[in-house]
Amino acid sequence: MPLARSLSVTSLSGLEEWDEEFDREDAVLFEIAWEVANKVGGIYTVIQTKARLTCEEWGENYFLVGPYMESSVRTQVELIEPCNAALRRTIDKMNSSGCKVYFGRWLIEGSPYVILLDVGFTAWSLDRWKSELWENCSIGVPWFDREANDAILFGFLTAWLLGEVCTQCDEPPHIAAHFHEWLAGLGLVLCRQRQLPVATIFTTHATLLGRYLCAGNVDFYNNLAEFNVDKEAGDRQIYHRYCLERAAVRCAHVFTTVSQITAIEAEHLLKRKPDIVTPNGLNVKKFSAMHEFQNLHAQSKARIQEFVRGHFYGHLDFNLDKTVFLFIAGRYEFSNKGADIFLEALARLNYLLRVNHSDVTIIAFFIMPARTNNFNVETLKGQAVRKQLWDTAQTVKERFGKKLYESLLVGQLPDVSKMLDKEDFTMMKRAIFATQRQCLPPVCSHNMLEDSSDPILNCIRRIGLFNTAQDRVKVIFHPEFLSSTSPLLPMDYEEFVRGCHLGVFPSYYEPWGYTPAECTVMGIPSISTNLSGFGCFMEEHIADPSAYGIYILDRRYRGVDESCNQLTSFLFQFCQQSRRQRIIQRNRTERLSDLLDWRYLGRYYISARHMALAKAFPDTFIYEPQEPTSATGFRYPRPASVPPSPAHSLHSSPHHSEAEDEEEPYDEDLEAEKDRVNIRQPFNMPEDRDGHPGNECS
């Protein structure tokens with residue numbers, strides 16, 4: 001298998017190019033996950049965004065393996081004939097033995113090859129494979145757990161595929177197989193049990209037991225060493241899943257997690273310390289000019305403002321130019337995602353803004369999917385009323401313009417009092433009467449199927465944020481993912497994020513956290529926690545994260561009430577910022593995007609694969625890990641110029657005017673250049689005796 005590869009990783013502008021070459025023309029990489037071409041959660045984003053970089057590294061020798069989902073394949077995959085003779089023979093052999101295996105290209109950046117296994121078509125083997133699993137591994141799986149049954153089918157098919165590839169090759173290649181999460185982990189266990197010549201890597205993005213324990217409102221992180229893991233897994237009826245996950249962790253040549261906080265969790269719950277931490281990245285689109293992403297923010301903000309005008313019709317007694325948009329988004333895990341502490345902080349923020357007679361209004365969006373049956377009638381009516389008012393204004397404007405034009409044609413200055421006739425006033429009065437509203441603007445944009453038991457709605461009822469005129473904090477719960485085809489808020493998620501001012505993600509359990517990472521690369525400040533992988537990563541790389549628009553909430557060493565007060569303080573400080581200060585902060589936030597680019601973070605995956613190949617094939621590959629140093633990774637200094645937050649302001653008065661802001665010296669290009677000069681360069685990857693880069697684990 002010829003290896004066509006070209007990898008040149010530029011980590012941060014202004015730093016030396018980081019270049020790496022591996023001598024492994026006969027090496028092949030299989031990356032296996034349940035979310036290959038199958039969008040379920042965050043692992044889909046990891047694999048999709050990383051594919052381009054991995055294709056550049058491995059060329060034609062990179063294959064993704066996932067389940068065959070017809071609905072996804074129709075729109076995401078182009079089915080083709082296998083390009084490689086050995087792989088073609090492998091697929092033909094499996095298909096003739098009672099399987100259905102598909103080969104194609106995934107229609108994403110990089111266009112990687114995908115091998116899709118139809119687990120449903122092979123369900124006739126489930127009982128036999130369950131028996132084999134019990135006999136060889138002493139793991140029993142109950143018949144009613146459909147997800148675990150799928151994991152068994154997928155695992156055995158994956159091991160079959162890899163074993164057949166080894167058999168069909170004239171000269172056995174050096175195969176590296178990277179498995180993601182417990183759903184794919186059984187394939188790894190079977191590879192080791194069958195002694196296949198495969199270098200195995202297992203990445204856990206979140207431990208099964210950790211997610212269940214945190215959902216149960218326990219003091220998780222301060223009691224990690226105390227849990228009886230077998231009992232806890234059994235009590236939650238996930239013992240068989242836990243066994244599959246732990247077996248994969250123990251059998252892997254190399255075990256990785258996505259963050260330091262998850263590494264600590266895995267060491268206690270899965271009983272193995274990760275070999276390397278592999279943080280999650282994104283494909284970062286850099287703009288040629290700094291103002292471009294600021295313009296995108298202004299355009300998207302204007303569209304959100306239009307929605308707000310309709311939603312609050314009849315109660316639009318606040319200034320939209322002094323309105324700050326906050327949002328939280330993700331899976332509907334009320335406590336794990338921090339929606340509970342966010343709502344409590346909003347109630348306290350509302351009190352602070354009212355007693356301080358602030359003219360700032362906060363609108364907090366909750367974008368979390370829940371069970372609904374349709375849009376709220378009152379919400380749809382608001383958008384219809386807004387459109388009607390716009391149409392009326394346009395009609396009157398056209399009539400006014402025509403009369404003005406005719407007056408100018410005859411050489412007369414118009415008599416403004418005669419420009420609007422009685423019919424115009426009647427039309428406008430009717431439009432105004434249509435905006436009269438007897439009820440308050442709705443808190444929820446949809447009709448909830450479980451309204452009385454919904455956690456967010458019950459919390460809103462308790463804290464009393466009902467969008468009244470006295471409230472300086474308004475709440476909009478949108479229990480559906482955003483879409484540009486929605487009749488209510490026709491915006492994609494990315495457009496919506498760009499239009500907001502602050503993302504708030506005070507998660508209690510967040511192994512990585514793609515939502516704040518996505519905010520960062522779009523230049524939107526965010527609030528994260530020291531219990532999220534993203535928050536820990538940013539604390540490690542930035543001397544003063546808040547100066548760059550990354551607020552890190554302490555949820556590990558403080559009680560819930562203290563953390564809530566700290567979150568309230570962050571929000572109140574942010575509300576005090578002037579428009580110019582927010583622009584400065586967005587510029588700084590966007591500069592952090594290099595840290596989250598796969599061009600930088602992909603090196604950790606490269607190290608993991610190199611380590612696994614060296615362990616599985618010690619005669620061919622050499623790997624000499626080095627102890628990590630404090631210099632590992634980039635380190636952003638404190639900004640050299642004007643602080644963006646009133647909390648750090650040099651002024652003696654807490655409230656200063658826009659005119660005072662204009663006098664503060666600030667040059668974005670100059671500050672960015674100072675950052676580039678002062679950023680601590682990453683610790684260079686050590687070389688082994690063959691000149692290959694070694695470990696850069698931090």
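Okay, so let's go over this structure. All values derive from a computational prediction rather than experimental measurement.

### A closer look at the overall build of the protein
- Helix and strand content of the protein: 24 helices and 19 strands.
- Counted over contacts in the protein with a minimum sequence separation of 6, partners at least 24 positions apart contribute 75%.
- Carbon and sulfur atoms provide 50% of the accessible area of the protein, an area that totals close to 29,500 Å².

### Overview of helix H7 (residues 208-215)
- Among the residues of H7, those classed as buried are Leu208, Leu209, Gly210, Leu213 and Cys214.
- Turning to H7, the residues buried within the fold contact helix H6 (181-193), helix H8 (229-235), helix H9 (239-251) and helix H10 (260-269).
- Just downstream of H7 lies Asn217, where phi reads positive at about 60°.

### Description of the pattern of salt bridges
- A complete count under the given rule lists 35 salt bridges for this structure.
- Residue Arg74 is joined to Glu70 by a salt bridge in which the shortest nitrogen-to-oxygen separation is 2.9 Å. Note that Arg74 and Glu70 are positioned in helix H2 (residues 70-76) at a spacing of 4 residues, about one turn of the helix.
- With its nearest N and O atoms 3.8 Å apart, the salt bridge here joins Arg498 to Glu494. Taken together, the residues span about one helical turn, with Arg498 and Glu494 both in helix H17 (residues 493-499) at a distance of 4 residues.
- Assessed through its relative accessible area of 10%, Arg498 is described here as buried.
- Salt bridges linked by common partners bring Arg399, Lys403, Asp421, Glu423 and Asp424 together as one network.

### Some remarks on the sheet that holds strand E6 (residues 101-106)
- In space, the 9 strands of this open sheet follow the order E5-E6-E7-E4-E3-E8-E9-E10-E11, with mixed pairing throughout. Only two strands of the sheet have a single neighbouring strand rather than two, namely strand E5 (77-79) and strand E11 (276-277).
- As paired elements, strand E3 (residues 27-32) and strand E8 (residues 174-180) share 6 bridges and run parallel to each other. Pairing of Glu31 across the sheet is with His178, part of E8.
- Across the sheet, helix H3 (residues 85-96) is in contact with strand E4 (62-67), E6 and strand E7 (113-117); its angle to E6 comes to roughly 140°.
- This element, H10, spans strand E10 (254-257) and E11 of the sheet and lies at about 125° to E10.

### Focus: the sheet that holds strand E16 (residues 473-478)
- Taken in spatial order, the 6 strands line up as E16-E13-E12-E17-E18-E19 in an open sheet, and their pairing is parallel. Whereas interior strands pair on both sides, the edge strands pair on one side only; in this sheet they are E16 and strand E19 (550-553). Looking at each pair of strands side by side, their axes are set apart by 25° on average, direction ignored.
- The sheet strands contacting helix H20 (residues 560-576) are strand E12 (323-329), strand E13 (361-367), strand E17 (502-504), strand E18 (526-529) and E19, and the helix crosses E19 at an angle near 160°.

### Here we look at the side chain of Thr45
- Mapped onto the elements of the fold, Thr45 is located in helix H1 (residues 42-58).
- Other than its neighbours up to four places away in sequence, Thr45 contacts Leu282 and Tyr514.

### Observations concerning the packing of aromatic side chains
- According to the stated counting rule, one finds 29 aromatic pairs in the structure shown.
- A ring pair is formed by Trp129 and Phe156, whose centres lie 5.0 Å apart and whose planes are at 5°; its orientation type is stacked. With Trp129 in helix H4 (residues 126-137) and Phe156 in helix H5 (residues 146-168), the pair connects residues that are 27 residues apart, well separated along the chain. The residues Trp129 and Phe156 share a single accessibility class, namely buried.
- Aromatic side chains Trp512 and Phe534 sit 6.3 Å apart centroid to centroid with 85° between the ring planes, which places their arrangement in the edge-to-face category. A residue pair is termed long-range when its members are at least 10 positions apart, and Trp512 in the loop between E17 and helix H18 (514-521) and Phe534 in helix H19 (residues 533-541) qualify at 22 residues.

### With respect to the environment of Gln260
- By the secondary structure assignment, Gln260 is in helix H10.
- On a C-alpha basis, the gap between Gln260 and Phe534 in space is 9.6 Å, while along the polypeptide they are 274 residues apart.

### Some words on unusual backbone geometry
- For Ser111, which is not glycine, the phi dihedral falls at a positive 45°.
- Here Ser111 is to be found in the loop between E6 and E7.
- Under the relative-accessibility criterion, Ser111 is labelled partly exposed at 29%.

### A word on the nonpolar core
- Ranked by internal contacts, the top residues of the largest apolar core, which has 127 residues, are Val308, Leu346, Phe365, Phe366 and Leu571.
- Residue contributions to this core peak at 10 residues, all from helix H22 (residues 598-616).
- Composition of this core by domain shows at least three residues from each of domain 1 (27-283) and domain 2 (285-376 + 442-595).
- One finds Val28, Val101, Ala184 and Leu188 within the second-largest nonpolar core, a separate group that totals 76 residues.

### A look at the pairing of E10
- Here E10 shows no split at all, with Val254 and Thr256 on one side and Phe255 and Thr257 on the other all buried.
- Here 4 bridges tie strand E9 (residues 198-204) to E10, and the two strands are oriented parallel to one another. Note on E10: the bridge partner recorded for Thr203 is Thr256.
- Pairing analysis gives 2 bridges linking E10 to E11, with the strands arranged parallel. What sits directly across from Thr256, in E11, is Ile276.
- Crossover E10 to E11 through H10 is right-handed.

### Digging into H4
- Its 12 residues place the ends of H4 16 Å apart at the C-alpha level, agreeing with the 16 Å of an ideal helix rising 1.5 Å per residue.
- Every buried residue of H4 is listed here: Leu126, Trp129, Lys130 and Leu133. Down the axis of H4, the buried set is contained in an arc of 105°. They therefore lie on one face. Opposite the packed face of H4, turned more than 90 degrees from it, sit the exposed residues Asp127 and Glu135.
- Looking at the buried side of H4, the elements it contacts are H5, H6 and H9.
- Looking at the residues trailing H4, positive phi occurs at Ser138, about 60°.

### What to know about the packing of helix H11 (residues 291-311) against helix H13 (residues 377-409)
- With their axes 7 Å apart at the nearest point, H11 and H13 run at an angle of 110° to one another. Taken together, the axis directions place H11 and H13 in an arrangement best described as roughly perpendicular. In this structure, H11 uses Glu306, Phe307, Arg309, Gly310 and His311 to contact H13, whose residues at the interface are Thr379, Gly382, Gln383 and Arg386.
- Among the residues forming the contact of H11 with H13, the class breakdown is 1 nonpolar, 5 polar and 3 charged.

### Looking at the pairing of E9
- Counting buried positions over the 7 residues of E9 gives 7, a clear majority of the element.
- Side chains Val198, Thr200, Phe202 and Thr204 project from E9 onto one buried face, and the interleaved Ala199, Ile201 and Thr203 project onto a second face that is buried too.
- By the bridge criterion, 6 bridges tie E8 to E9 in an arrangement that is parallel. When the sheet's bridge partners are listed, Phe179 is paired in E9 with Phe202.

About the thresholds
- Residue positions are given per chain, counted from 1 along the sequence in the order it is written.
- Since the coordinates come from a predicted model, pLDDT governs what is reported: local features require at least 70, and pairs of side-chain atoms require 80 or more to be given and counted, while whole-chain, interface and lining totals use all residues.
- Just so you know, side-chain values use all the structure's heavy atoms and leave hydrogens and water out.
- Every helix listed is a DSSP run of H or I at least four residues long, and every strand listed is a run of E at least two residues long, numbered separately from the N terminus.
- Contacts between residues were defined by any pair of non-hydrogen atoms, one from each residue, lying within 4.5 Å.
- A 1.4 Å probe and the Shrake-Rupley method give the accessible areas. Residues count as covered only by the protein chains that appear here.
- For every residue, the accessible area obtained with a 1.4 Å probe (protein chains only) is divided by the maximum for its type, and the residue is called buried under 20%, exposed over 50%, and partly exposed between those limits.
- A carboxyl oxygen of Asp or Glu within 4 Å of a side-chain nitrogen of Lys or Arg is what we treat as a salt bridge.
- Pairing between two strands is assigned when DSSP locates at least 2 bridges connecting them.
- Fitted lines through C-alpha atoms give the axes, limited to the stretch in contact for helices. The angle between two N-to-C directions lies from 0 to 180 degrees.
- Aromatic contacts are taken between Phe, Tyr and Trp rings whose centres are within 6.5 Å, Trp giving its six-membered ring; a plane angle under 30 degrees counts as stacked, one over 60 as edge-to-face, and the others as tilted.
- Among the buried residues, those of types Ala, Val, Leu, Ile, Met, Phe, Trp, Tyr and Cys that are joined through side-chain atoms within 4.5 Å form a nonpolar core.
- Note: domain ranges come from an automatic or database domain assignment.
- A clockwise path from the first strand over the helix to the second, with the strands pointing away from the viewer, defines a right-handed crossover.
- Any helix carries an expected span of 1.5 Å times its number of residues minus one.
- Think of the arc as the fan of directions from the helix axis to the C-beta atoms.
- Between 65 and 115 degrees an angle is taken as roughly perpendicular, under 35 as roughly parallel, over 145 as roughly antiparallel, and anywhere else as oblique.
- All residues other than Ala, Val, Leu, Ile, Met, Phe, Trp, Tyr, Cys, Pro, Asp, Glu, Lys and Arg, Gly among them, are scored as polar; the first ten of these are nonpolar and the last four charged.

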